Structure formats: structure tokens, C-alpha cells
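# Remarks on the overall topology
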Amino acid sequence: MLELKEQVAIVTGGARGIGRGISLTLAQQEASVVIADLLEEEADSTVTEIKRSGGFAIFIKTDITSLESVESMVATAKDHFGPIDILVNNAGWDRIIPFAETTPEFWNKIIDINFKGMLNCIYSVMDDMILKNRGKIINISSDAARVGSMGEAIYAGAKGAVISFSKSLARELARNQINVNVICPGPSSTPMVDEMKAESEFAEKILSSMDRIIPLKRMGLPEDIANAVVFLASKEADFITGQVLSVSGGLTMV
Ligand SMILES: NC(=O)c1ccc[n+]([C@@H]2O[C@H](COP(=O)([O-])OP(=O)(O)OC[C@H]3O[C@@H](n4cnc5c(N)ncnc54)[C@H](O)[C@@H]3O)[C@@H](O)[C@H]2O)c1
């Protein structure tokens, strides 16, 4: 068992989808989980489920695109559970739109949530991790960043920045025994994917072909990604840093 007893974990976007799976799985391994999200109802339901199973969790309403909001969330989290051991930068947002049809407002929204949101969160927890000479940072990117993805050029660019940044930060923080790694989910069944399919025929066509195209013949599930997060958060992964792990049923093998 990859035990995370007495570890405090922040999961951004932990209210629903992959983040919910990560929160539930970290709590099963006995971590205390802080869900930092905008969605109150969904976050409350995830917290309730964790508590019902005997785990520890709180929801702190947070907009990761605001440094002020993130700093306030980290302060509240520390008051409640103590210093942060694990940061999972999972919150993200995307829509499938050909680049030519996108707008600068759309670019900014994608970059603010998927890239700058991660910067705000790491910036707000890293000093404490440096002081303790220990910490695990796990950033959720996407296979779109590794191999490209039609209709996701801006998103793939922002998620590619997550990978490049993570490798550089892993080098900077290695002397402080802080591990920085990246997980790249492939297409996974989540509310975000349901929304994309509902909003666009183009997205529906691409995403509906995935069960056939993915070598392991199904889309990812939140728990598939969550299990990889738990491993990277555990002491068993102390010697792994600056790495990128695809969890995609074999869709990408590069
Ligand atoms: N689902 C997929 O197919 C897939 C594939 C590759 C990568 N990913 C990545 O996995 C992560 C989770 O995606 P998902 O599919 O579960 O999405 P989702 O929309 O179902 O969940 C994302 C969560 O992030 C939260 N969030 C969004 N903006 C926020 C903000 N500004 N501040 C705080 N919280 C915010 C949302 O409220 C939501 O709870 C994202 O980073 C996404 O890019 C998903």
C-alpha cells in the first residue's frame, strides 16, 4: 500500500472529473485533502463522500487564476491541516475549436487556467516545501501536449508549457528534495468531455471515436489517473523527478 498518512494534499479542480477521482484516492491512502475549486455543490459532494469513508477533506472556494485567491486558500488550508506536503495541479479547461476560429479572449482563458493557474499554486506553496526540505508537486498536463491534437492548438500549447516548466522547476527544486512530475491523461470520461461533446458536433465526432482508437479500447477513468498521482505522491517515488507519464490506454507511445 502506498501510504500517505499525515500528508496534506491540495487538489485543484478536485470537485469533479479527474480531480474528484484524485481527491477520493488520496483520501483512501489517508492523506488529508484540500479541494480548491470554484464549484461549491460538486466540491461539497466530494468532501461528503471522503468523510463518509472515514477520510479527511475540506473545500476552499478558489479561483486558481487569481494569485490572491490561491494565497488565501493556502493560508486557510495550513490553518486547518498544517503545512502542505502534496500539490496536485489538476484544474483545467478546454474546448475543441480549430485555431482559425478561436479569439484572443479564448487564448487568454486557456492559458490563464491551464498554465498560469499552476504557477499561482506552486508559487504559493513552494516556500513552505523548501523550508521542510520535502514536497511532491504533480502537474496534470495532457497527451495533447506531447503529440498534438486537432482543435486543441492553444490548449496543447498551454499544456506543453506545463511540461517544460515542470522539467525546469524539477531541476531548480531537486536540491530541496522536492519532486516535480507531470501526468498526461489521454481522453478520459469526465464532465468536461461531456460538455465538449454536447456543445460541438466536431468535438462529438472526435471524442466518440476514442473507444475504437485507444489500444486498450476505452476512455480513461478518473481513477486511472488518480492511481498514478498516488504513486508519484508516495515515498516510493522519492527518486523520480522531472518526468512525464502518459495515462492514456496506449493512445500515445512516444
Ligand atoms: N478529460 C480528459 O479527457 C482530459 C485529457 C487530458 C487532460 N485532462 C486534464 O485533466 C484535468 C481535469 O480535467 P477534467 O476532464 O476532469 O475536467 P472537469 O471540467 O471535469 O474538471 C475540472 C475541474 O477544474 C475546476 N476549475 C476550472 N477552472 C478553475 C479555476 N479557475 N479555479 C479553480 N478550479 C477550476 C472545475 O470547476 C472542475 O471542477 C485538466 O487539467 C484537464 O486539462 C483531461
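These remarks concern the structure in this document.

What follows concerns the overall build of the protein chain. The helix and strand inventory of the protein chain stands at 10 helices and 7 strands. Taking 2.2 N^0.38 as the reference for a compact globule, 254 residues should give roughly 18 Å; the C-alpha atoms of the protein chain span a radius of gyration of 17 Å, in line with that estimate. Reported as C-alpha extents along the three principal axes, the dimensions of the protein chain are approximately 45 × 40 × 35 Å. Scored against the burial criterion, the 254 residues of the protein chain give a buried share of 47%. Contacts in the protein chain between residues far apart in sequence, at least 24 positions, make up 72% of those at least 6 positions apart.

On to the nonpolar core, then. Grouped together as the largest cluster of nonpolar side chains are 65 residues, with contacts concentrated most on Ala-9, Leu-26, Val-33, Ile-35 and Val-229. Per-element accounting of this core gives the leading share, 9 residues, to helix H4 (residues 104-132). Setting aside anything within four residues of it in sequence, one finds Val-229 in contact with Ile-22, Val-88, Ile-138 and Ile-183.

Another aspect to go through is the site of the ligand. Taken together, 30 residues sit near the ligand, with Gly-13, Gly-17, Gly-92, Thr-190 and Met-192 positioned nearest. Put simply, the parts of the chain that give the shell around the ligand at least two residues each are helix H1 (17-28), H4 and helix H7 (191-199). Each residue belonging to the shell around the ligand can be placed in one class, and the counts come to 14 nonpolar, 12 polar and 4 charged.

Attention now goes to the environment of Ala-237. Counting through the fold element by element, Ala-237 comes out in the loop between helix H10 (222-233) and strand S7 (244-247). Sequence spacing of Ala-237 and Lys-136 is 101 residues, and the spatial spacing of their C-alpha atoms is 9.4 Å. The contact partners of Ala-237, leaving out residues within four places of it in the chain, are Asn-179, Phe-231 and Leu-232.

Look at helix H6 (residues 153-173): 30 Å from first C-alpha to last across 21 residues, which is about the 30 Å you get at 1.5 Å a residue. Its buried side turned inward, H6 meets H4, strand S5 (135-140), helix H5 (143-147) and strand S6 (178-185).

To continue, consider unusual backbone geometry. You will see that Asn-133, though not glycine, has its phi angle at about 60°, which is positive. For Gln-177, which is not glycine, the phi dihedral falls at a positive 60°.

Here the focus is the sheet that holds strand S4 (residues 86-89). Read across the sheet, 7 strands follow the order S3-S2-S1-S4-S5-S6-S7 without closing on themselves; strand pairing throughout is parallel. Edge positions in the open sheet fall to strand S3 (56-61) and S7, since each of these has one partner strand only. Between one strand axis and the next, the sheet turns by 20° as a mean value, whatever way the strands run. Pairing between S6 and S7: 4 bridges, direction parallel. Bridge pairing in S7 places Pro-185 opposite Val-247. Where H1 meets the sheet, it contacts strand S1 (8-12), strand S2 (32-37), S3, S4, S5 and S6, and its direction lies at approximately 170° from that of S1. Together, S5, S6 and S7 form the strand contacts of H6, whose direction differs from that of S6 by roughly 160°.

When you tally the buried positions in S6, you get 8 out of 8 residues, the bulk of the element. Of the two faces of S6, the one holding Ile-178, Val-180, Val-182 and Cys-184 and the one holding Asn-179, Asn-181, Ile-183 and Pro-185 are both buried throughout. Bridging between S5 and S6 involves 6 bridges; their strand directions are parallel. Residue pairing for S6: Asn-139 is matched across the bridge by Val-182.

Cut-off values and rules
- Residues numbered from 1 in each chain as written.
- Predicted model: local features only at pLDDT ≥ 70, side-chain atom pairs only at ≥ 80, totals over all residues.
- Helix = DSSP H or I, 4+ residues; strand = E, 2+ residues; numbered from the N terminus.
- Rg over C-alpha atoms; globule rule 2.2 N^0.38 Å.
- Buried ≥ 20, exposed ≤ 12 C-beta atoms within 10 Å, placed from the backbone.
- Contact = placed C-beta atoms within 7 Å.
- Core = buried A, V, L, I, M, F, W, Y, C linked by C-beta atoms within 7 Å.
- Near = placed C-beta within 6 Å.
- Nonpolar A, V, L, I, M, F, W, Y, C, P; charged D, E, K, R; others polar.
- Expected span 1.5 Å × (residues − 1).
- Pairing = 2+ DSSP bridges.
- Axes fitted to C-alpha atoms, helices over the stretch in contact; angles between N-to-C directions.

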